[in-house]
Amino acid sequence: MSGTDRWKLITHAVREAGRLGVAELAALTGASEMTIRRDLDALARQGVLERYRGGARSLVPRGEEEPFAARAREGNAAKRWIAAEAAALLADGESVVLDSGTTCVEVARALAGRRLTVMPLSLHAAHVLTERYEGVAPPATRLLLPGGEPRPGELALTGPLTEASLAALRFDTAVLGCCGLTAADGLTAYGLADAAVKRAAIASARRVIAVTEGAKLSRTALAHVAPVAALHTVVTDEDAPPEEVAALTAAGVTVLTVRVTESG
């Protein structure tokens, strides 16, 4: 098992159990207890979990979002393929509002340098897009920055200033991440402030594309954002439950399922 896979397994196991000991995690992963202690120390430094003598406890209650640092390590190949597919749906010259979240950061990478007008709703995505500005005059990508207050770690912009920035503009396309998406419950988010920004992004755009790993198509988070009727396209991967894909398609949503390879 690779170090990345082991960290992912440890993170999920601790989160589900609430707390686990070093010996339990060593048995789960097949790694030595010394290796597990080093893993836990590294994960604690990143704010993913909390160390105590002999084990670790979760910092994230069930039903709440994992820290950005933890999610940024997970499913990167799938996120890159999903991002590439979503970017291919955008034509040069479009204006795009780009949501927060790790998959949307990958979309930002796919869009950087394209002839587009982009408003990113997170500082992580903004950083990716501004990297292409250096040494380019004028840059191909026109960047618009909203107001708002960045959430720690996630660096998603939220609040009245963000919502007002969106209300003042009209975009061709909104590219949204999600915490949960089902045909029955629609698009959902973990936080009320995040949900409000997503609704404002939907209201400001003529077309809405949701980008999400397939596993999220079986989840419903706390805050309702919009029914599936608000979405035009969902880009996901092969882990998406077939029954959910069928239900979304029956509701009139175009579902594009990408095949993921590690070289993506």
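Above this note sits the structure.
Residues take numbers from 1 onward in each chain, read along the sequence in its written order. Only residues with pLDDT of 70 or above have their local features reported here, since the model is predicted, and side-chain atom pairs are shown and tallied only from 80 upward, although totals for entire chains, interfaces and linings are computed over all residues. As a rule here, side-chain values cover all heavy atoms of the structure and leave hydrogens and water aside.

Caption draft 1: Here's a closer look at the packing of helix α1 (residues 3-17) against helix α2 (residues 22-29). At a minimum axis distance of 11 Å, the contact between α1 and α2 shows a crossing angle of 130 degrees. With respect to their mutual orientation, α1 and α2 come out oblique. The two elements α1 and α2 cross, and the hand of that crossing is right-handed. Counted together, Arg6, Leu9, Ile10, Ala13 and Val14 of α1 and Leu25, Leu28 and Thr29 of α2 form the full contact between these two elements. When residues are grouped by polarity, Ala, Val, Leu, Ile, Met, Phe, Trp, Tyr, Cys and Pro land in nonpolar, Asp, Glu, Lys and Arg in charged, and all others, Gly among them, in polar. The residue makeup of the contact of α1 with α2, split by class, is six nonpolar, one polar and one charged. To define axes, lines are fitted to C-alpha atoms, for helices over the stretch in contact only, and angles between the resulting N-to-C directions are given on a 0 to 180 degree scale. Secondary structure elements follow DSSP: runs of H or I of four or more residues count as helices, runs of E of two or more count as strands, with numbering from the N terminus. Oblique is the label for any angle not covered by the other classes, which are roughly parallel (under 35 degrees), roughly antiparallel (over 145) and roughly perpendicular (65 to 115). Note: crossing handedness is left-handed where the near helix turns anticlockwise from the far helix by less than a right angle, and right-handed where it turns clockwise. Working rule for contacts: check all heavy atoms of both residues, and any pair within 4.5 Å makes them a contact.

Caption draft 2: Representation of the sheet that holds strand β14 (residues 233-237). A sheet is described by the order of its strands in space; here seven strands give the open sequence β6-β5-β4-β9-β12-β14-β15, paired in parallel fashion. With partners counted over all chains shown, the strands left at the sheet margins are β6 (142-143) and β15 (254-258), one partner each. Here, strands pair whenever DSSP counts at least two bridges between them. Bridging between strand β12 (residues 205-211) and β14 involves three bridges; their strand directions are parallel. Counterpart to Ala210 in the pairing with β14 is Val234.

Caption draft 3: Local environment of the pattern of salt bridges. Salt bridge, as used here: a side-chain nitrogen of Lys or Arg that lies within 4 Å of a carboxyl oxygen of Asp or Glu. In total, this model carries 10 salt bridges according to the counting rule given. Between Arg207 and Glu94 there is a salt bridge, with the nearest N and O atoms lying 3.1 Å from each other. One end of the pair, Arg207, is in strand β12; the other, Glu94, is in the loop between α5 (76-88) and β4 (95-98), and 113 residues separate them in sequence. Per-residue accessibility, obtained with a 1.4 Å probe over protein chains only, is compared with the maximum for each type, and a residue is labelled buried under 20%, exposed over 50%, and partly exposed between these values. With a relative accessible area of 23%, Arg207 lands in the partly exposed category. Arg109 is the salt-bridge partner of Glu106, the closest N and O atoms lying 2.8 Å from each other. In this pair, Glu106 and Arg109 are both assigned in helix α6 (residues 102-111), three residues apart and thus about one turn of the helix distant. Each member of the salt-bridge network shares a partner with another, and the members are Asp99, Asp194 and Lys198.

As far as function goes, none of this settles anything; it's purely spatial.
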